[in-house]
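Letter by letter, the chains look like this.
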Amino acid sequence: MIDHPLRIVGVPGSPYSRKLRAVLRYRRIPHVWVLHGSPEARGLPQPRIPLLPQLIFPGADEAAIDSTPLIRRLESMYAARALIPPDPAMAFLDALLEDYADEWLTKPLFHYRWAFAPDGAHAAAILPRWSRTDHPEARYAALGKMFAERQIGRLGVVGSNETTAPIIEESYRRLLRLLDAHLTGSRFVMGGRPGASDFGLFGQLSQLVAFDPTPAAIALEIAPRVVAWVDVVEDLSGLEPSEEDWRSRTDVTRLECTVDGRGWVQQPFPYQGKCLRWLRESHAALAPDDGRAVDTLLRGTGCERLFAARTGA
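Calculation notes
Residues numbered from 1 in each chain as written. Predicted model: local features only at pLDDT ≥ 70, side-chain atom pairs only at ≥ 80, totals over all residues. Heavy atoms only, no water. Helix = DSSP H or I, 4+ residues; strand = E, 2+ residues; numbered from the N terminus. Buried < 20%, exposed > 50% of the residue type's maximum accessible area, 1.4 Å probe, protein only. Contact = heavy atoms within 4.5 Å. Areas by Shrake-Rupley, 256 points an atom, 1.4 Å probe, with all protein chains shown as cover. Pairing = 2+ DSSP bridges. Right-handed = clockwise from strand over helix to strand, strands pointing away. Salt bridge = Lys/Arg side-chain N within 4 Å of Asp/Glu carboxyl O. Phe/Tyr/Trp six-rings, centres within 6.5 Å; stacked < 30°, edge-to-face > 60°. Lys NZ or Arg CZ within 6 Å of the ring centre and 35° of its normal. Core = buried A, V, L, I, M, F, W, Y, C linked by side-chain atoms within 4.5 Å. Axes fitted to C-alpha atoms, helices over the stretch in contact; angles between N-to-C directions. Parallel < 35°, antiparallel > 145°, perpendicular 65-115°, else oblique. Nonpolar A, V, L, I, M, F, W, Y, C, P; charged D, E, K, R; others polar. Expected span 1.5 Å × (residues − 1). Arc of directions from axis to C-beta.

Participant: Hey, could you run me through the overall build of the chain in this one?
Facilitator: Within the chain, the secondary structure is distributed over 13 helices and six strands. Across the 313 residues of the chain, 40% fall into the buried class. In the chain, the proportion of contacts linking residues at least 24 apart, taken out of those at least 6 apart, comes to 69%. Just so you have it, the chain exposes about 17,100 Å², and 58% of that area is on carbon and sulfur atoms.

Below, the structure is given as C-alpha cells:
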C-alpha cells in the first residue's frame, strides 16, 4: 500500500490517459492529475519512451507507461475494488476485450479525428490549448497547424485510407450497436461491476462519442445509451461493487448469428451451452483418424467453426 498519492501525467485527448485516470478513480487510489506540458509537469521523472499516460509512483526515478500492465501492477498493490475477474476464463475474455479496445478502436478514433476536415479543425483548435490556456493566440494557431499536419500524415500508419475507411467506419457502428444492446441488460461489460475491458472501451469512446464531432453524432444517433455510459464510467468512485457482481462464464445474455443471410437474435438457454460443451468434449475425445474424418465431413458447412479452437483450425 502506498501512503502518498500517485501522479498521473496525461491530457484529456489521450484515450489511455482517460482510461487510467478512470481506473484510479474507480479503485479509489489516491492520485493527482498532472497535465502533460503544464508547468506542474516540469521536473517530474520521465519515462524511457515518451508516451502518455505516465504514472509516477512515490520515490520512483522513472515514470511508468502502458495502461494494460499498469492496471495489473495496481492489482498487485491494492486488493479492494479489483478490476480482474477472479474466474480465469472471464479474466481472459476481459483481457481480450481490453486488447480489442486498446488496439483496434484506435483506428476509428484516429480515422475520424484526422480524415474528416471538421473533426481535424476541432482537434487542431482544442488539443494545443489543454496544457496551457494562457499562451498567445498565434502560438495556438501554429501548434494546431503543425500537430494536424503531422497527424494527418500518419493516417496510413494506423491503416486509414480510402480502401479501409468503410471497414473502419462500419466496425465503429457495429461496436456501438453491440455495446448498446449489451448495456440494455448489464451495467458494464463484465457484469454489475467494471473490468479492465470496460475502462479500455471507455478510454477510446471518451474521444469518439464525447469529443470528435463526426463519431459523436453517429453515437448520439444510433447508441445514446453508450454516450450516457461513457459519462458514467468517467468517475465510478461512488460505485459499491460486490463479488457477486462479476459476470459468470455461464451468463450469456444474447445469441446472435446469421441464418440464411438474415440476423438471428435470441435469449439462449443454459442447457444449450452445456450441449455445445458436450459436443466439443466429444470432438476432442475422438481418435486422430476419426477426428480428421469428422473435420473433413464438416468442412464448408459452417459447423467446423464450433470446433476450430479445439482442432487449431
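Now that the structure has been shown, we can carry on.
Participant: Before we go on, may I ask you to explain the pairing of strand β2 (residues 31-35) in this structure?
Facilitator: Residues in a regular strand point their side chains to alternate faces of the sheet. Summarising the sheet, strand β1 (residues 6-10) and β2 pair through five bridges and their orientation is parallel. Within β2, the residue paired with Gly10 across the bridge is Leu35. Read from β1 through helix α1 (residues 15-26) to β2, the crossover connection turns out right-handed.

Participant: Help me understand the pattern of salt bridges, please; the structure alone is not making it clear to me.
Facilitator: Close approach of charged atoms lets side chains of opposite charge pair. In this structure the tally under the stated criterion is 19 salt bridges. The partner of Arg48 in a salt bridge is Glu62, with the nearest N and O atoms 3.2 Å apart. Separated by 14 residues along the polypeptide, Arg48 in the loop between β2 and β3 (54-56) and Glu62 in the loop between β3 and β4 (64-65) bring together distant segments of the chain. The class of Arg48 is exposed, set by a relative accessible area of 75%. The residue Arg113 makes a salt bridge to Asp212 at a minimum N-O spacing of 2.9 Å. Of the two residues, Arg113 is situated in helix α4 (residues 106-115) and Asp212 in the loop between α8 (196-208) and α9 (213-222); the sequence distance between them amounts to 99 residues. The class for Arg113 is buried, based on a relative accessible area of 4%. For Asp212, a relative accessible area of 0% puts it in the buried group. Through salt bridges with shared partners, a single network forms among Arg18, Arg21, Arg25 and Glu234.

Participant: What should I look at first to understand the packing of aromatic side chains in this one?
Facilitator: What describes a pair of aromatic rings is the distance from one ring centre to the other and the angle between the planes of the rings. Inspection of every chain in the model, using the stated rule, returns four aromatic pairs. Following the ring pairs from residue to residue traces out a cluster consisting of Tyr112, Phe116 and Tyr172. If you follow Arg21 out to its NZ or CZ, it ends over the ring of Trp33, 4.2 Å from the centre. Geometry around Phe57 places Arg73 over its ring, the cationic atom sitting 3.8 Å from the centre.

Participant: Any chance you could explain the nonpolar core here in plain terms?
Facilitator: The nonpolar side chains of a soluble globular protein tend to be buried, and buried together. If you look at the biggest cluster of nonpolar residues, it comprises 47 residues, and the most contacted ones within it are Leu55, Leu74, Tyr172, Leu176, Leu205, Val209 and Trp229. At six residues, α8 tops the list of elements feeding residues into this core. Residues within four places of Leu205 in sequence aside, it is in contact with Tyr172, Leu175, Leu176, Leu179, Ala210, Val226, Trp229 and Val230. Ala123, Ala124, Leu155 and Val158 belong to the second-largest nonpolar core, a separate cluster that totals nine residues.

Participant: Would you explain the packing of α8 against helix α10 (residues 224-233) in this entry?
Facilitator: Look at α8 against α10: their axes get within 10 Å of each other, and the N-to-C directions meet at 110 degrees. Considered as vectors, α8 and α10 are oriented roughly perpendicular to each other. Contacts between α8 and α10 pair Asp198, Phe199, Leu201, Phe202, Leu205 and Ser206 from the former with Val226, Trp229, Val230 and Val233 from the latter. Class assignment of the residues belonging to the contact of α8 with α10 gives a composition of eight nonpolar, one polar and one charged.

Participant: Honestly, helix α6 (residues 137-153) in this entry has me stumped. Any pointers?
Facilitator: In an α-helix there are 3.6 residues to a turn, and that puts residues three or four apart on one side. A rise of 1.5 Å per residue sets the reference length of α6, with its 17 residues, at 24 Å; its end C-alpha atoms lie 24 Å apart and thus fit the reference within 8%. Among the residues of α6, Tyr140, Gly144, Ala148 and Gln151 are the ones counted as buried. Take α6 and look down its axis: the buried residues cluster within an arc of 70 degrees, on one side only. Opposite the packed face of α6, turned more than 90 degrees from it, sit the exposed residues Ala138, Lys145, Met146 and Gly153. Where α6 is buried, its residues contact α4 and α5 (117-126).

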